[in-house]
Amino acid sequence: MNAISERRWKFLSWTSIVMFALGFWLSGSLILDFVVIPGLSLSGMMTQGGFASAGYIIFGLFNRIELVCAALVLTGVLVFRRHHTFINLQERWSIILGSVLLLIALIYTYFLTPEMSGFSLEINPFEATNTMPSTMISLHWSYWILEVIKLIIGGTLLSWCYRGSCELK
């Protein structure tokens, strides 16, 4: 029975899946952070009343995609560990880093996006303020700190897989 199941899934390369998930996720994050949101800001969309709900939809959908990518990365890293009898330091770190990526995606999905969207819905559009409230600024700082950590960890895992450290033996 074991021989049948191993032969059936032989075409499935977890290294390729992890590299694709990381590449898709990180490139999507960079496009969203440095192309889409600045473009919406420059076009004046952020001053419109419906931006909070549009932002919640955009980020909410992307957060769900991030959860799937993070789950694929962590699953792939756990599969690498399962197939190795000797676990080196890099493989242990890859499990920790994969778990941190999943935690970041969970924080985005279930804390930051709902909080930022809810807070922006509470802002009175008729009130003449030119600055963002301090609560929103701290939420944005939290987002950007997590985003930098995500990009560093994701890039590290991607380079490890590219160099062949994530191969099944």
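Since the model is a prediction, treat every value here as computed from it, not as a measurement.

Q: Sorry, what's going on with the side chain of Thr109 here?
A: As for its placement among the helices and strands, Thr109 is situated in helix α4 (residues 89-122). Here Asn63 takes part through its backbone oxygen, which lies 3.4 Å from a polar atom of the side chain of Thr109. In this structure, Thr109 is in contact with Asn63, Arg64, Leu67 and Pro114, ignoring residues within four places of it in sequence.

Q: For this particular structure, what's the right way to read the packing of aromatic side chains?
A: Aromatic rings considered in pairs are described by the distance between their centres and by the relative angle of their planes. Tallying each qualifying case throughout the model produces five aromatic pairs. An angle of 45 degrees between the planes, with centres 6.0 Å apart, marks the rings of Phe34 and Trp144 as tilted. Of the two residues, Phe34 sits in helix α2 (residues 14-42) while Trp144 sits in helix α5 (residues 134-162), which places them 110 residues apart along the sequence. Under the relative-accessibility criterion, Phe34 is labelled exposed at 52%. Residue Trp144 is classed as partly exposed on the basis of its relative accessible area, which comes to 34%. Between Phe59 and Tyr143 the ring centres are 6.2 Å apart and the planes differ by 80 degrees, which places this aromatic pair in the edge-to-face class. On the criterion of sequence distance, the pair formed by Phe59 in helix α3 (residues 51-82) and Tyr143 in helix α5 is long-range, its members being 84 residues apart.

Q: Where do I start with the environment of Ile57 in this structure?
A: If you trace the backbone, Ile57 turns up in helix α3. Note: C-alpha distance between Ile57 and Ser117 (60 residues apart in sequence) is 9.5 Å.

Q: Can you help me understand the nonpolar core in this one?
A: A general feature of soluble globular proteins is that nonpolar side chains tend to end up buried together. Leu22, Trp25, Val73, Leu101 and Leu157 are the most contacted members of the largest nonpolar core, which has 35 residues in total. A total of 10 residues in this core trace back to one element, the largest contributor, which is α3. When near neighbours in sequence (up to four residues on either side) are disregarded, Trp25 contacts Phe62, Glu66, Cys69, Ala70, Leu101, Ala105 and Lys150.

Q: In this structure, what is going on with α5? I would like to understand it.
A: An α-helix turns once per 3.6 residues; consequently, residues spaced three or four apart project the same way. Between its terminal C-alpha atoms α5 stretches 42 Å, which fits the 42 Å expected from 29 residues at 1.5 Å a residue. All buried positions along α5 are accounted for by Met136, Leu139, Tyr143, Leu146, Glu147, Lys150, Ile153, Gly154, Leu157, Trp160 and Cys161. Phi turns positive, to about 95 degrees, at Gly164, one or two residues after α5.

Q: What is the right way to look at the confidence of the model for the protein chain in this model?
A: The predicted structure's coordinates, where accompanied by low pLDDT, should not be read in detail. The predicted model of the protein chain has a mean per-residue pLDDT of 84, with 80% of residues at 70 or higher. Mean pLDDT across the secondary structure elements of the protein chain bottoms out at helix α1 (residues 2-8), with 56, and peaks at α5, with 93.

Q: Before we go on, may I ask you to explain the environment of Ile65 in this structure?
A: Of note, Ile65 is situated in helix α3. Accessibility expressed as a relative area gives 37% for Ile65, which makes it partly exposed. In the structure, Ile65 is positioned 44 residues away from Thr109 in sequence and 9.9 Å away in space, judged by C-alpha atoms.

The rules behind the values
- Residues numbered from 1 in each chain as written.
- Predicted model: local features only at pLDDT ≥ 70, side-chain atom pairs only at ≥ 80, totals over all residues.
- Heavy atoms only, no water.
- Helix = DSSP H or I, 4+ residues; strand = E, 2+ residues; numbered from the N terminus.
- Polar contact = N/O pair within 3.5 Å; in protein donor to acceptor, adjacent residues only side chain to side chain.
- Contact = heavy atoms within 4.5 Å.
- Phe/Tyr/Trp six-rings, centres within 6.5 Å; stacked < 30°, edge-to-face > 60°.
- Buried < 20%, exposed > 50% of the residue type's maximum accessible area, 1.4 Å probe, protein only.
- Core = buried A, V, L, I, M, F, W, Y, C linked by side-chain atoms within 4.5 Å.
- Expected span 1.5 Å × (residues − 1).
- pLDDT = per-residue confidence, 0-100.

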